[in-house]
Amino acid sequence: IGGYSLSTIGNQIKDQLQSVPAGSEFDYIILDGGINDVYLGATEYGEVSTTAITAPPSAFDDTTAIGAFEQLMSMLKRSYPNAKIGYVITYQRDSRWMEGFVPEVIKACKKWGVSYLCLPATEVFNDMFNENAGAHTADTVHATVEGYELIMEYLPQWMEAIPEPEIIEGFEPEVYDQ
């Protein structure tokens with residue numbers, strides 16, 4: 001799931017869940033997101049909350065990128081408790097992304113038990129991706145076919161390493177319905 005924003009600045013990734021038929025099950029749910037939140041600049045990054053992961057999705061502040069990420073994790077963990085969930089931190093490497101959003105989303109992934117792949121921290125990937133950036137991105141943000149082919153070299157091995165989901169005590173699984 002990706003291509004939208006995490007927070008309320010635009011069409012949210014969580015809105016895409018509405019198109020998933022009730023009762024659907026998935027082996028994996030792989031997400032990316034946050035670039036639209038960071039680069040449109042209309043939202044605060046936010047910080048990982050102290051709210052318990054057993055709190056309902058509405059307990060998380062979706063006006064910040066991190067709060068919306070937590071809300072999305074709450075929704076996904078409730079709706080798809082048997083799915084392996086992973087988050088891909090995409091290749092944007094400027095300071096707004098690397099020093100602002102990325103450290104907080106890594107903390108959020110750890111809080112929620114979500115495996116993450118931080119592409120910007122992979123030196124070999126960065127060297128190859130940046131070596132021919134014009135061929136790998138259409139506009140310095142969105143990957144081209146060649147860019148996705150390079151990213152795909154990293155995904156299978158990472159996905160195989162995502163552990164089985166942990167069943168969370170006190171969690172009431174439910175199909176998300178807005």
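For the structure, check the block above.
Just so it is clear, the model here is predicted, and its values are computed rather than measured.

Conventions adopted
The written sequence of each chain sets the order in which its residues are numbered from 1. Only residues with pLDDT of at least 70 get local features here, since the model is predicted, and only at 80 or more are side-chain atom pairs given and counted; chain-wide, interface and lining totals rely on the full set of residues. In computing side-chain values, all of the structure's heavy atoms are included and hydrogens and water are not. When two rings of Phe, Tyr or Trp (its six-membered ring) have centres within 6.5 Å they constitute a pair, described as stacked for plane angles under 30 degrees, edge-to-face for angles over 60, and tilted for the intermediate range. Put simply, DSSP H or I for four residues or longer makes a helix, DSSP E for two residues or longer makes a strand, and each gets a number counted from the N terminus. We call a residue buried when its accessible area falls under 20% of the maximum for its residue type, exposed when it is over 50%, and partly exposed in between, using a 1.4 Å probe and counting protein chains only. Pairing between two strands is assigned when DSSP locates at least 2 bridges connecting them. Under this scheme, a helix contributes an axis fitted over its contacting stretch, all axes are lines through C-alpha atoms, and angles between N-to-C directions fall in the 0 to 180 degree range.

Before going further, it helps to examine the packing of aromatic side chains. For the structure shown, the criterion picks out three aromatic pairs. Plain terms: the ring middles of F26 and Y80 are 5.3 Å apart, the flat faces sit at 70° to each other, and that makes the pair edge-to-face. Of this pair, F26 sits in the segment before strand 1 (28-32) while Y80 sits in the loop between helix 2 (65-79) and strand 2 (84-89), and the two are 54 residues apart along the sequence. Owing to a relative accessible area of 35%, F26 belongs among the partly exposed residues under this scheme. Ring centres of F60 and W112 lie 5.6 Å apart, and the angle between their planes is 65°; on these two criteria the pair is classed as edge-to-face. Note that F60 is positioned in the loop between helix 1 (35-40) and helix 2 and W112 in helix 3 (residues 95-112), a separation of 52 residues in sequence. On the basis of relative accessibility, which here comes to 5%, the residue F60 falls in the buried class.

The three strands are arranged 1-2-3 in an open sheet whose pairing can be described as parallel. In the strand order of this sheet, the two ends are held by strand 1 and strand 3 (115-118), each with one partner. Going across the sheet, the axis of each strand differs from the next one's by a mean of 20°, ignoring polarity. As judged from the four bridges shared by strand 2 and strand 3, these two strands associate in the parallel manner. Directly across from G86, in strand 3, lies its bridge partner S115.

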